[in-house]
Amino acid sequence: HLKKCPKMEVSCELNCGIVVCREDIAQHLAEDCIEKEIECPFVKYKCEAISIQRKHLSQHLEETETKHLRLKLNAMEDILFKQCEGSNEIKQYVDECKQHRNESKKYRDESKQHRDESKQHVDESKQHRDESKQHVEESKQHRDESKQHRDQSKQHRGESKQYRD
C-alpha cells in the first residue's frame with residue numbers, strides 16, 4: 001500500500017530537496033521543482049536556452065535581458081518589414097515591445113518568487129524531517145518506559161506471590 005498511497009510523502013525524483021505527497025509530485029515537477037529542465041520563454045524568438053534548470057532561469061533572464069529584447073525586436077522587425085504599411089503597425093510594434101519588456105520583468109519576478117518558495121519548501125521539509133525524527137525518538141522512549149513498567153509489574157507480582165506463600 002505504501003508504494004502506491006497518494007498521501008504518502010515522497011522525495012522529489014529530481015533531488016531538489018522537497019518532500020510532497022505522491023499525488024502532488026506531478027504538479028511539483030511541472031510548476032515548482034527548481035531542478036526541472038525548462039525552456040526559456042524567449043526560445044520562440046530564437047533564444048538558445050532550450051533546456052535550462054528552473055533554478056537558473058531568473059539569472060538567465062537577467063543576464064540576457066538585452067539579448068532577449070534584441071531577439072524580440074528582430075522578430076518584430078521581420079514581421080514589420082513583411083506587413084508594415086502605415087503608422088498603426090508601427091504603433092502596435094512599439095506597444096508590443098513595451099509589453100514584452102514587461103513580460104520579461106514578470107518572468108524574472110516569478111522566477112525569483114519560485115526560487116524563494118522552493119527555499120521555503122526545502123526549509124519546511126527539513127523541519128518536518130526533524131520533527132519526525134523527534135517523534136521516532138519519543139516513541140522509542142515510550143516503548144522503553146512501557147517495557148520497564150511491565151518488568152516492574154512482573155517483579156511486583158512475583159514479590160506479592162512470594163509474600164502470600
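Everything discussed here concerns the structure shown above.
Residues numbered from 1 in each chain as written. Predicted model: local features only at pLDDT ≥ 70, side-chain atom pairs only at ≥ 80, totals over all residues. Heavy atoms only, no water.

### Description of helix H2 (residues 54-63)
Each turn of an α-helix holds 3.6 residues, which means side chains three or four residues apart point in the same direction.
Here is step 1: Turning to H2, its buried residues number three or more, namely Arg54, Leu57, Ser58, His60 and Leu61. Projected down its long axis, H2 shows its buried positions confined to an angular sector of 165 degrees, all on one face. Facing away from the buried side of H2 by more than 90 degrees, the exposed set consists of Glu62 and Glu63. (Buried < 20%, exposed > 50% of the residue type's maximum accessible area, 1.4 Å probe, protein only. Helix = DSSP H or I, 4+ residues; strand = E, 2+ residues; numbered from the N terminus. Arc of directions from axis to C-beta.)

### Some points on the packing of aromatic side chains
Two aromatic rings, taken as a pair, are described by how far apart their centres are and by the angle between their planes.
Here is step 1: This structure, assessed with the given rule, holds one aromatic pair.
Here is step 2: Seen in terms of ring centroids, Phe42 and Tyr45 are 6.1 Å apart; in terms of plane orientation they differ by 45 degrees. Their pairing is tilted. Of the two residues, Phe42 and Tyr45, neither departs from the other in class, the shared state being buried. (Phe/Tyr/Trp six-rings, centres within 6.5 Å; stacked < 30°, edge-to-face > 60°.)

### Observations regarding the side chain of His60
Here is step 1: With respect to the helices and strands, His60 occurs in helix H2.
Here is step 2: The buried category is assigned to His60, whose relative accessible area is 12%.
Here is step 3: Setting aside anything within four residues of it in sequence, one finds His60 in contact with Cys40, Cys47, Ala49, Ile52 and His68. (Contact = heavy atoms within 4.5 Å.)

### With respect to the pattern of salt bridges
Here is step 1: One pass over the structure, following the stated rule, counts twelve salt bridges.
Here is step 2: Note that Lys55 is salt-bridged to Glu35, the shortest N-O span being 2.8 Å. Here Glu35 lies in the loop between helix H1 (25-32) and strand E3 (37-38) and Lys55 lies in helix H2, a separation of 20 residues in the sequence.
Here is step 3: Take Glu35: its relative accessible area is 18%, and that puts it in the buried class.
Here is step 4: Between Lys72 and Glu103 there is a salt bridge, and its shortest N-O distance comes to 3.6 Å. A residue pair is termed long-range when its members are at least 10 positions apart, and Lys72 in helix H3 (residues 65-83) and Glu103 in helix H4 (residues 87-164) qualify at 31 residues.
Here is step 5: Overall, Lys72 belongs to the buried group, its relative accessible area being 3%.
Here is step 6: Under the relative-accessibility criterion, Glu103 is labelled partly exposed at 26%. (Salt bridge = Lys/Arg side-chain N within 4 Å of Asp/Glu carboxyl O.)

### Section: the nonpolar core
Here is step 1: Membership of the largest hydrophobic core is limited to eleven residues, which are Ile38, Cys40, Phe42, Val43, Tyr45, Cys47, Ala49, Ile52, Leu57, Leu61 and Leu71.
Here is step 2: With residues up to four places along the chain from it excluded, the contact list for Leu57 reads Ile38, Cys40, Pro41, Ile52 and Ser111. (Core = buried A, V, L, I, M, F, W, Y, C linked by side-chain atoms within 4.5 Å.)

### Remarks on the environment of Met76
Here is step 1: Here Met76 shows up in helix H3.
Here is step 2: For Met76, a relative accessible area of 8% translates into the label buried.
Here is step 3: Met76 sits 18 residues away from Val94 along the chain, and the two C-alpha atoms are 9.4 Å apart.
Here is step 4: With near-sequence residues (within four places) excluded, Met76 lies in contact with Tyr93 and Glu96.

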